[in-house]
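Structural description and commentary
Below are the chains, spelled out letter by letter.
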Amino acid sequence: MEVSIQIIGEKKLVGKRSIMTFANNKTVELWRGFMPKRKEIKNALGSDLYSMQIYPPLFFTAVKLDVPFEKWAMMEVSDFDAIPDEMETYTLPGGLYAVFFYKGLNTDTAIFEYIHKTWLPNSDYLLDNRPHFEILGEKYKNADPNSEEEIWIPIQPKK
């Protein structure tokens, strides 16, 4: 598994969000609502899509299927001057991330188990309490085993 450690600056993002749980996953509905309207984002920086999750503190200490978290479908923008109706803004704070280059089905959760149960405990890093996100670029293909995406996990050095 290819992983790189990167520091990013703050990003301005625009999109739609939903509160969900792993047991009541509304990801499909969220993206169905976002995709037809994404062309209304006039100040997009590129065509990459962002799938972002904001988990409550300590969410990964004992993952439970019924704990709510916030999920976004979005794009990066140059500014917040022209926000389409029914969309919201979010300023992603910069910071340190572990970036995993994943190829496979977007429904396969094994990659996240590997990240949280194998890679992270054996790394020099701890999980940080900032948003997690995936960048869905031009090689991303929904429900395709040859799909490619970047998985960005917020980290901080172990003390």
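One can find the structure itself at the top, above this paragraph.
In this text the structure is predicted, and so the values were computed from the model without any measurement.

**Digging into the side chain of Ser123**
Examined against the element boundaries, Ser123 turns out to sit in the loop between α2 (110-119) and β7 (125-127). Given a relative accessible area of 10%, Ser123 falls into the buried group. Looking at Ser123, its side chain comes within polar contact range of the main-chain nitrogen of Tyr125, at 3.0 Å.

**With respect to the pattern of salt bridges**
One pass over the full model with this rule turns up six salt bridges. Between Glu76 and Lys11 there is a salt bridge whose closest N-O contact spans 3.5 Å. One end of the pair, Glu76, is in strand β4 (residues 69-76); the other, Lys11, is in strand β2 (residues 11-20), with 65 residues separating them in the sequence. Looking at Glu76, the relative accessible area reads 15%, which means it is buried. Close ionic contact of Glu70 with Arg17 constitutes a salt bridge, the shortest N to O distance being 3.4 Å. With Glu70 in strand β4 and Arg17 in strand β2, this residue pair connects regions lying 53 residues apart in the sequence. On the accessibility criterion, Glu70 (16% relative accessible area) is buried. Look at the salt bridges and you will find they share partners, linking Arg17, Glu70 and Glu88 into a network.

**Considerations on the packing of aromatic side chains**
Per the stated rule, a full pass over the model turns up 15 aromatic pairs. Where Tyr55 meets Phe59, the ring centres are 4.6 Å apart and the plane angle is 25°; that geometry is what we call stacked. The buried category is assigned to Tyr55, whose relative accessible area is 14%. Residue classification places Phe59 among the buried residues on the basis of a relative accessible area of 5%. Relative to Trp119, the ring of Phe100 lies with its centre 5.2 Å away and its plane at 90°, an arrangement referred to as edge-to-face. In this pair, Phe100 sits in strand β6 (residues 95-103) while Trp119 sits in helix α2, placing the two residues 19 residues apart along the sequence. Here Phe100 falls in the buried class, since its relative accessible area comes to 0%. Using a relative accessible area of 14% as the deciding quantity, one classes Trp119 as buried. Linked through ring pairs, Phe22, Tyr55, Phe59, Phe60 and Phe69 together constitute an aromatic cluster. The lysine or arginine in question, Arg130, covers the ring of Tyr97, its NZ or CZ lying 4.7 Å from the ring centre.

**Considering the nonpolar core**
Core analysis: the biggest nonpolar cluster contains 15 residues, and Trp31, Phe34, Ile41 and Leu49 have the highest contact counts within it. At the level of elements, β2, α1 (27-34) and β4 are the ones that each hand at least two residues to this core.

About the cut-offs
- Residues numbered from 1 in each chain as written.
- Predicted model: local features only at pLDDT ≥ 70, side-chain atom pairs only at ≥ 80, totals over all residues.
- Heavy atoms only, no water.
- Helix = DSSP H or I, 4+ residues; strand = E, 2+ residues; numbered from the N terminus.
- Buried < 20%, exposed > 50% of the residue type's maximum accessible area, 1.4 Å probe, protein only.
- Polar contact = N/O pair within 3.5 Å; in protein donor to acceptor, adjacent residues only side chain to side chain.
- Salt bridge = Lys/Arg side-chain N within 4 Å of Asp/Glu carboxyl O.
- Phe/Tyr/Trp six-rings, centres within 6.5 Å; stacked < 30°, edge-to-face > 60°.
- Lys NZ or Arg CZ within 6 Å of the ring centre and 35° of its normal.
- Core = buried A, V, L, I, M, F, W, Y, C linked by side-chain atoms within 4.5 Å.

Keep in mind that these numbers describe shape and distance, not what the molecule does.
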